[in-house]
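Fold and contact review
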Amino acid sequence: MKSVSASIVIFAGVAAMTACGFISHGDTQAFVGIMGGAVALVGFNVWFKMLSRSETE
């Protein structure tokens with residue numbers, strides 16, 4: 001179940017990175033893009049941890 005939650009977090013990060021392409025204000029665009037990337041990286045980190053945990057059990 002946690003891997004599904006991590007997939008949702010990854011989707012939210014990718015959506016934020018996609019949305020930053022449509023923002024015309026430079027500082028806001030950079031902030032949304034960086035935060036979207038950070039959210040996606042956290043989601044991938046949790047997702048890979050859940051995958052490795054399920055292989056060992």
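An account of the accompanying structure is given in this report. (Residues numbered from 1 in each chain as written. Predicted model: local features only at pLDDT ≥ 70, side-chain atom pairs only at ≥ 80, totals over all residues. Heavy atoms only, no water.)

**Focus on the overall build of the protein**
On a plain count of helices and strands, the protein comes out with two helices and zero strands. Rg of the C-alpha trace for the protein: 14 Å, well past the compact-globule value of 10 Å for 57 residues, more than 25% over. Of all 57 residues assigned to the protein, the portion counted as buried reaches 18%. Accessible area for the protein stands at about 4,200 Å²; split by element, carbon and sulfur atoms hold 71% of it. (Helix = DSSP H or I, 4+ residues; strand = E, 2+ residues; numbered from the N terminus. Rg over C-alpha atoms; globule rule 2.2 N^0.38 Å. Buried < 20%, exposed > 50% of the residue type's maximum accessible area, 1.4 Å probe, protein only. Areas by Shrake-Rupley, 256 points an atom, 1.4 Å probe, with all protein chains shown as cover.)

**Brief notes about helix α1 (residues 2-19)**
With 18 residues, α1 extends 26 Å from end C-alpha to end C-alpha; this agrees with the ideal 26 Å at 1.5 Å per step. Residues of α1 that are buried include every one of Ala-6, Ile-10 and Gly-13, and no others. Projected onto a plane normal to the axis of α1, the buried residues spread over an arc of 60° and lie on a single side. Within α1, the exposed residues directed more than 90 degrees away from the buried face are Ile-8 and Phe-11. (Expected span 1.5 Å × (residues − 1). Arc of directions from axis to C-beta.)

**Re the packing of aromatic side chains**
What describes a pair of aromatic rings is the distance from one ring centre to the other and the angle between the planes of the rings. A complete count under the given rule lists three aromatic pairs for this structure. When the centroid spacing of 6.1 Å and the interplanar angle of 20° are considered together, the rings of Phe-44 and Phe-48 count as stacked. One end of the pair, Phe-44, and the other, Phe-48, are both in helix α2 (residues 26-56), four residues apart, so they sit about a helical turn from each other. Given a relative accessible area of 48%, Phe-48 falls into the partly exposed group. Each member of the aromatic cluster is reached from another via a ring pair, and the members are Phe-44, Trp-47 and Phe-48. (Phe/Tyr/Trp six-rings, centres within 6.5 Å; stacked < 30°, edge-to-face > 60°.)

**Some details on the environment of Ala-6**
With respect to the helices and strands, Ala-6 occurs in helix α1. The spacing of Ala-6 and Leu-51 is 45 residues in sequence and 11 Å in space, taken between C-alpha atoms. Residue contacts for Ala-6: discarding those within four places in its chain leaves Gly-43, Val-46 and Trp-47. (Contact = heavy atoms within 4.5 Å.)

**Some thoughts on a nonpolar patch on the surface**
A grouping of Met-1, Val-4 and Ile-8 is seen on the molecular surface, where their side chains present a nonpolar patch of about 370 Å² in accessible area. Residue placement: Val-4 occurs in helix α1. Residue classification places Val-4 among the partly exposed residues on the basis of a relative accessible area of 46%. (Patch = residues over 30% accessible without salt bridge, like charges linked within 9 Å, V, L, I, M, F, W, Y side chains within 5 Å. Salt bridge = Lys/Arg side-chain N within 4 Å of Asp/Glu carboxyl O.)

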